[in-house]
Amino acid sequence: MTDTSPHPAHEHAHGAPQDPDDQSEILDLDAEVLGEQTASIIDWLPVRSDPRRIVDLGCGTGAGTFALLRRFPDAEVTAVDSSAGHLHRLRHKAEEAGLADRVRTVRTDLDGTWPELGAPELVWASASMHHMADPDRTLRQVHGALAPGGLFAVVELAGFPRFLPPDAPADRPGLEDRCHAALDRHHAEHLPHRGADWGSKLAAAGFTVEGERTITVDLGPTRSEAVGRYALSSLTRIRGGVAEGLDAEDLTALDRLLDTEGPHSILRRDDLTVRTEREVWAARRD
Ligand SMILES: C[S@@+](CC[C@H](N)C(=O)[O-])C[C@H]1O[C@@H](n2cnc3c(N)ncnc32)[C@H](O)[C@@H]1O
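Residues numbered from 1 in each chain as written. Predicted model: local features only at pLDDT ≥ 70, side-chain atom pairs only at ≥ 80, totals over all residues. Heavy atoms only, no water.

Caption draft 1: A look at the packing of aromatic side chains. Applying the stated criterion to the full structure yields two aromatic pairs. Taken together, a centroid distance of 5.6 Å and an interplanar angle of 40° make the contact between Phe152 and Phe207 tilted. Pair noted here: Phe152 is in strand β5 (residues 151–162) and Phe207 is in the loop between α7 (198–204) and β6 (208–218), with a separation of 55 residues, a long-range link. One exposure class covers both Phe152 and Phe207, and it is buried. Taking 5.3 Å as the distance between ring centres and 85° as the angle between the ring planes, the aromatic pair formed by Phe163 and Tyr230 counts as edge-to-face. Linking Phe163 in the loop between β5 and α6 (175–190) with Tyr230 in helix α8 (residues 225–242), this pair joins segments that are 67 residues apart in sequence. Taking relative accessible area as the criterion, Tyr230 reaches 0% and is therefore assigned buried. (Phe/Tyr/Trp six-rings, centres within 6.5 Å; stacked < 30°, edge-to-face > 60°. Helix = DSSP H or I, 4+ residues; strand = E, 2+ residues; numbered from the N terminus. Buried < 20%, exposed > 50% of the residue type's maximum accessible area, 1.4 Å probe, protein only.)

This is the structure:
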């Protein structure tokens, strides 16, 4: 669910194509590394009975879709996204897992005409609501689409993951902090709804917010190969998006970490971690 896009997927206002950069690889790595956290968020949801019709809004490559299918074995999931690449990957994974008959994919721009999604008992939106041009409108549309008594789960990133230990002697001190500061400046310009007060927004759209939770993730020092690839992909994307926000020495240090052939490659480290926070809201349509 990491959202590293230096160019948000939805950039109509700038006239760019709708899906300028496919994030499939990083979304798959995120699902692999943080799958346990996603499962525990789903377990926490106050569903009244197991839902049979579920919608995953802004599903990406299916981190939420597959976790929901596992948790609710009688359910079908409609996976909605504007990215053909993400949906293609999701369908491929569903076929490989023998789950294709329980997944329907819908390619649509949720800022446009609302698609026909049936009357789901559960709608899941992870790291996608802040991409909407007018999230208040989207929340009202979800409220209208849900079956009465249904639940809307909104998951948002409280912060971008950190991978380097804060005091690693091999790095330029504070390098990752400065990357984050540059990324935050970039996001403030391109993704103005990131970090919004989703509880208030949900209430304004007519929902009763039944639960709110912050999940703190700290995987600790790990040699996990997936964490190495996740860190490499994430910092590579940051490098592309925030280069102008870092000084020359920081860029050199970052390039050393990203040079997979070099002695300082992030893939050779055994002190990487994943530290991040996710916020979750469970909102009921009465
Ligand atoms: C950060 S990814 C999160 C993906 C997935 N929910 C996860 O947790 O891994 C955001 C997703 O929202 C999709 N998205 C962004 N704007 C959209 C829009 N206007 N309509 C439909 N999907 C959109 C993107 O294509 C991307 O797949």
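Caption draft 2: Molecular detail of the nonpolar core. Judged by nonpolar contacts, the single largest core of 56 residues is most densely connected at Leu68, Trp124 and Tyr230. Broken down by element, this core gets its largest block of residues, eight residues, from α8. Aside from chain neighbours lying at most four places away, what touches Leu68 is Ile42, Ile54, Val77, Leu122 and Trp124. In terms of nonpolar packing, the next biggest core, distinct from the first, is built from 22 residues, Val106, Ala125, Ala196 and Ala205 among them. (Core = buried A, V, L, I, M, F, W, Y, C linked by side-chain atoms within 4.5 Å. Contact = heavy atoms within 4.5 Å.)

Caption draft 3: Geometry of the confidence of the model for the protein chain. Mean pLDDT over the protein chain stands at 90; residues scoring 70 or higher make up 92%. Long-range and interchain partners of residues 4–18, a stretch whose pLDDT sits below 50, account for 37 contacts in this model, where long-range means more than four residues apart. (pLDDT = per-residue confidence, 0-100.)

Caption draft 4: Structural context of the pairing of strand β1 (residues 53–57). For β1, the tally of buried residues reaches four of five residues, placing the bulk of the element in the interior. Looking at chain direction, β1 and strand β2 (residues 76–81) are connected through five bridges and run parallel. Counterpart to Arg53 in the pairing with β2 is Glu76. Each parallel crossover has a hand, and the one from β1 via helix α3 (residues 63–71) to β2 is right-handed. Where β1 meets strand β4 (residues 122–126), three bridges bridge the pair, whose relative direction is parallel. (Pairing = 2+ DSSP bridges. Right-handed = clockwise from strand over helix to strand, strands pointing away.)

Caption draft 5: Main features of the sheet that holds strand β3 (residues 103–107). Ordered in space as β3-β2-β1-β4-β5-β7-β6, the seven strands form an open sheet in which the pairing is mixed. Edge positions in the open sheet fall to β3 and β6, since each of these has one partner strand only. Along the sheet, successive strands turn relative to each other by an average axial angle of 15°, direction set aside. Sheet analysis places β5 next to strand β7 (residues 275–284), joined by nine bridges and oriented antiparallel. Pairing of Phe152 across the sheet is with Ala283, part of β7. (Axes fitted to C-alpha atoms, helices over the stretch in contact; angles between N-to-C directions.)

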